[in-house]
Amino acid sequence: MDAGGRKPGGRPTREQAAAIDARILDGARAVFCRKGVANSGLEEIATELGVSKHTLYRRYSNKAALLEAVVGRDVGRFRDALLSAAGEGGVGALEALRCAAFRYVEIGSSRDYAAFYLSVSAEAAVSPALRERLASWSRDALEPLVGFVAAAQGAAELRPGDPASICGILVDLLEGVNNRLRLGDDAAADAPSLLRLFEERWAVFATAFGNG
């Protein structure tokens, strides 16, 4: 390996390859946000990133594969964020669920986050294959929340019922907060407003499903 960190023959090191992959996914996500998934192509993404088409096609054979990688990374980060937030909560399974639900709102109310997933949803409306993948991605992303609901039920802090269905109702309430914050002005999206809107919805959920 030479002093520049490249393997003999000019091949990138593992770290360099990972950095290229991250740059490609960041750039692709930005293009998808700005132009929409339907109006974005691999050649355009390669040009915007300043990489060769060969570099991009060697990693992703088509736009669907690239989108899969972008969303897969987002889902992993989202799940990690929910799990981390739950671990920061106080004693009790219901408190862990509340902390994870609040992190859901913190992430989901971002306009950048909304722009990307609205563009994916728009194409999914006319693509059965993408619609199926979107549903699968959503299930994977929400799996931690479903688990926290089940844990709270096991601790007798939530009423019995199907955890996935109860999680779906919670998500509907949280998405109401996200939509208000995404569509409001910048002042409406400040931390106190976010917390107030969240606590209002959480109170509705806790009243409907609490076991205390």
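Keep in mind that this is a model prediction, so the values were computed, not measured.

Reading the values: rules and limits
- Residues numbered from 1 in each chain as written.
- Predicted model: local features only at pLDDT ≥ 70, side-chain atom pairs only at ≥ 80, totals over all residues.
- Heavy atoms only, no water.
- Phe/Tyr/Trp six-rings, centres within 6.5 Å; stacked < 30°, edge-to-face > 60°.
- Helix = DSSP H or I, 4+ residues; strand = E, 2+ residues; numbered from the N terminus.
- Buried < 20%, exposed > 50% of the residue type's maximum accessible area, 1.4 Å probe, protein only.
- Core = buried A, V, L, I, M, F, W, Y, C linked by side-chain atoms within 4.5 Å.
- Contact = heavy atoms within 4.5 Å.
- Polar contact = N/O pair within 3.5 Å; in protein donor to acceptor, adjacent residues only side chain to side chain.
- Disulfide = S-S within 2.5 Å.
- pLDDT = per-residue confidence, 0-100.
- Expected span 1.5 Å × (residues − 1).

J.: Honestly, the packing of aromatic side chains in this entry has me stumped. Any pointers?
T.: For any two aromatic rings, the description comes down to two numbers: the centre-to-centre distance and the angle of the planes. Going through the model one piece at a time under the given rule, you end up with 9 aromatic pairs. Arranged with centres 6.3 Å apart and planes meeting at 25°, the rings of Phe32 and Phe116 form a pair that is stacked. Remark: Phe116 occurs in helix H6 (residues 111-124) and Phe32 occurs in helix H1 (residues 14-35); sequence separation between them is 84 residues. Look at Phe116 and you get buried, because its relative accessible area is 0%. Seen from their ring centres, Phe78 and Tyr113 are 6.3 Å apart, and the 25° between their planes marks the pair as stacked. Placement of Phe78 in helix H4 (residues 63-87) and of Tyr113 in helix H6 is noted, with a sequence separation of 35 residues between them. Under the relative-accessibility criterion, Tyr113 is labelled partly exposed at 21%. Site record: aromatic cluster; members linked through ring pairs are Phe32, Phe78, Tyr104, Tyr113, Phe116 and Tyr117.

J.: Help me understand the nonpolar core in this model?
T.: Most often, soluble globular proteins have nonpolar side chains that are buried together. Of all hydrophobic cores here, the largest spans 56 residues; its most connected members are Phe32, Leu66, Leu67, Leu97, Tyr104, Phe116 and Leu145. Elements with a minimum of two residues in this core: H1, helix H2 (42-49), H4, helix H5 (93-108), H6, helix H7 (128-154), helix H8 (163-183) and helix H9 (191-209). Each residue touching Leu66, except ones within four places of it in the same chain, is listed here: Ile24, Leu25, Ala28, Phe32, Leu42, Ile45 and Tyr60.

J.: Explanation requested: the side chain of Arg29 in the structure shown.
T.: Within the secondary structure, Arg29 sits in helix H1. A polar contact is formed between the side chain of Arg29 and the side chain of Asp112, at a distance of 2.9 Å. Arg29 has contacts with Val70, Asp74, Asp112, Tyr113, Phe116 and Tyr117, leaving out every residue within four places of it along the chain.

J.: Got a minute to help me understand unusual backbone geometry in this structure?
T.: Only a minority of non-glycine residues have a phi that is not negative, and only a minority of peptide bonds are not trans. Of note, Ala156 is a non-glycine position whose phi angle comes to about 60°, a positive value. Within the secondary structure layout, Ala156 lies in the loop between H7 and H8.

J.: How should the state of the cysteines be read in this particular structure?
T.: Structurally, a disulfide amounts to a covalent bond that connects the sulfur atoms of two cysteines. Inspection of the entire model under this criterion finds 0 disulfides. The thiol sulfur of Cys167 is not disulfide-bonded, and the nearest other cysteine sulfur, from Cys99, lies at 15 Å. Take Cys167: its relative accessible area is 1%, and that puts it in the buried class.

J.: Any chance you could explain the confidence of the model for the chain here in plain terms?
T.: Parts of the model with low pLDDT should not have their predicted coordinates read in detail. Residues with a pLDDT of 70 or more make up 92% of the chain, whose mean pLDDT is 88. Ignoring residues within four places in sequence, the model shows residues 1-5, a span with pLDDT below 50, making 7 contacts including any to other chains.

J.: Mind showing me how you'd approach H1 here?
T.: Because each turn of an α-helix spans 3.6 residues, side chains separated by three or four positions in sequence point in the same direction. Given a rise of 1.5 Å per residue, 22 residues ought to cover 32 Å, and the 31 Å separating the end C-alpha atoms of H1 matches this to within 8%. Taken as a whole, H1 has its buried residues at Ile24, Leu25, Gly27, Ala28, Arg29, Val31, Phe32 and Cys33. Taken together, the buried residues of H1 touch H2, helix H3 (53-59), H4 and H6. Once H1 ends, the next one or two residues include Gly36, with phi positive near 90°.

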